[in-house]
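A closer look at the structure
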Amino acid sequence: MRVGLALSGGGARGIAHLGVLKALDEQGVKVSMISGVSSGAIAGVFYAYGYPPAEILKLIRELSVFQVMRPVFGKRGLLHLEEVEKLYNKYLGPHLTFEELKIPVVVSATEMNEGVTAYFSSGEVIKPLLASSAVPILYQPILFNGKTLNDGGLLNNLPIEPLYGNCDVKIAVHVNPINHQAQVTSLTGMVERTVMLAIYNNVKLRLNQCDLFLEPKELKSYRLTSFRKADEIFEVGYRYTMHMERHIRRLVNKQ
């Protein structure tokens, strides 16, 4: 039985993916393939490398997000990802390839010049992983193999397509439920809200392409930058997936 996971982006909300993975481990669900974007790609790569979900959460708690973000006033972005790259090199190794991962992973990014989604599943891991979460304008693009790459969620924040033909069961995990009672009261909040609503539209197009859609509604009360609430967000993903256990088992057993 080949179970594939599509993990969405979502900033700090993506920590919920780790709770989902922990629950699936406890349910005995063996993941055969992961397709991830942005924070979903980060969770997927670290998990496929061999880190248990709780250990990845520990790394997030110990690393201050603000310590790895330094302003760079360049032409194409205000922040760079050099410090993040150093962290990836430390915990994954500077020369890690997709072929070395214990579970096949596909990382998606947006090719800015062509305006298309670029998928990476072979060769070097670190650069595509950096690109997958490099939000346009905020972060400088990643130049890799002749491509100009930014956050994959811009065009596809639920990359289910790479699972086609490779998995018997396709489970999508979306960590950006829309809060319909939101009160936008600041410019920052308006920018975040605009991004969320725009990206959600490309997610809706893919809802009927998965066998099971997991979306923890509690996450709507957390912001994309709520990294200090990592433990809470992890638990939301874990509790929700344990609550959905009968649906997951029914799907896997049916197949």
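What you are looking at is a predicted structure, and each value in this text was computed from that prediction instead of being measured.

Within the structure shown, the criterion is met by four aromatic pairs. Measuring from centroid to centroid gives 5.6 Å for Phe46 and Tyr51, while their planes differ by 40 degrees, and the two rings are tilted. Accessibility expressed as a relative area gives 7% for Phe46, which makes it buried. Classification of Tyr51 as buried rests on a relative accessible area of 17%. Ring centres of Tyr49 and Tyr51 lie 5.6 Å apart, and the angle between their planes is 25 degrees; on these two criteria the pair is classed as stacked. An aromatic cluster of at least three residues, connected via ring pairs, comprises Phe46, Tyr49, Tyr51 and Tyr88. Here the guanidinium or amino end of Lys22 rests over the ring plane of Tyr238, the centre of that ring lying 4.7 Å away.

So, on to the UniProt feature "active site" (unreviewed entry) in the chain. As annotated in UniProt, the feature "active site" (unreviewed entry) corresponds to Ser38 and Asp151 in the numbering used here. The largest pairwise C-alpha distance within this set of annotated residues, which runs over 114 residues, is 6.3 Å, so the set is compact in three dimensions. Of the residues examined, Ser38 reaches a relative accessible area of 8% and is grouped as buried. Aside from chain neighbours lying at most four places away, what touches Ser38 is Gly9, Ser132, Ser133 and Asp151. Turning to its location among the elements, Asp151 is positioned in strand 8 (residues 147-151). Not counting the four nearest positions on each side in its chain, Asp151 is found in contact with Val37, Ser38, Thr110, Ala131, Ser132, Ser133, Ala134, Val135 and Pro136.

For the rest of this paragraph, the subject is the layout of surface pockets. Estimated volume of the second largest pocket: approximately 320 Å³. What lines the second largest pocket is a set of 17 residues, and nearest its centre among them are Arg13, Ala182, Glu192, Arg193 and Arg223.

By size, the foremost hydrophobic cluster in this structure holds 64 residues, and its most contacted members are Leu5, Ile34, Phe46, Tyr88, Leu92 and Ile171. Once residues within four sequence positions are removed from consideration, Ile34 is found in contact with Leu5, Leu7, Gly44, Tyr47, Ile103, Pro104, Val105 and Val106. Listed in part, the twelve residues of the second largest apolar core include Val106, Leu163, Ile178 and Cys210.

Right, let's get into the packing of helix 1 (residues 16-26) against helix 7 (residues 230-243). The interhelical angle for the contact between helix 1 and helix 7, taken along N-to-C directions, is 40 degrees, at an axis separation of 6 Å. Looking at the two axes, helix 1 sits oblique to helix 7. For the crossing formed where helix 1 meets helix 7, the hand is right-handed. Across the interface between the two elements, Ala16, Leu18, Gly19, Val20, Lys22, Ala23, Leu24 and Glu26 from helix 1 touch Ile233, Phe234, Gly237, Tyr238, Thr241 and Met242 from helix 7. Here the residues of the contact of helix 1 with helix 7 are counted per class, giving nine nonpolar, three polar and two charged.

On to the UniProt feature "short sequence motif: GXGXXG" (unreviewed entry) in the chain. When the UniProt feature table is mapped onto this chain numbering, "short sequence motif: GXGXXG" (unreviewed entry) sits at residues 9-14. This span, residues 9-14, is 0% helix and 0% strand, and a straight line between its end C-alpha atoms measures 6 Å.

Parameters at a glance
Residues numbered from 1 in each chain as written. Predicted model: local features only at pLDDT ≥ 70, side-chain atom pairs only at ≥ 80, totals over all residues. Heavy atoms only, no water. Phe/Tyr/Trp six-rings, centres within 6.5 Å; stacked < 30°, edge-to-face > 60°. Buried < 20%, exposed > 50% of the residue type's maximum accessible area, 1.4 Å probe, protein only. Lys NZ or Arg CZ within 6 Å of the ring centre and 35° of its normal. UniProt positions renumbered as here; feature names shortened; annotations may be inferred. Contact = heavy atoms within 4.5 Å. Helix = DSSP H or I, 4+ residues; strand = E, 2+ residues; numbered from the N terminus. 1 Å grid on protein atoms, 1.4 Å probe; cavity = no way out; pocket = protein on both sides within 12 Å on 5 of 7 lines; lining within 4 Å. Points joined across faces, edges and corners; volume = space filled by probe spheres on them. Core = buried A, V, L, I, M, F, W, Y, C linked by side-chain atoms within 4.5 Å. Axes fitted to C-alpha atoms, helices over the stretch in contact; angles between N-to-C directions. Parallel < 35°, antiparallel > 145°, perpendicular 65-115°, else oblique. Left-handed = near helix turned anticlockwise from the far one by under 90°. Nonpolar A, V, L, I, M, F, W, Y, C, P; charged D, E, K, R; others polar.

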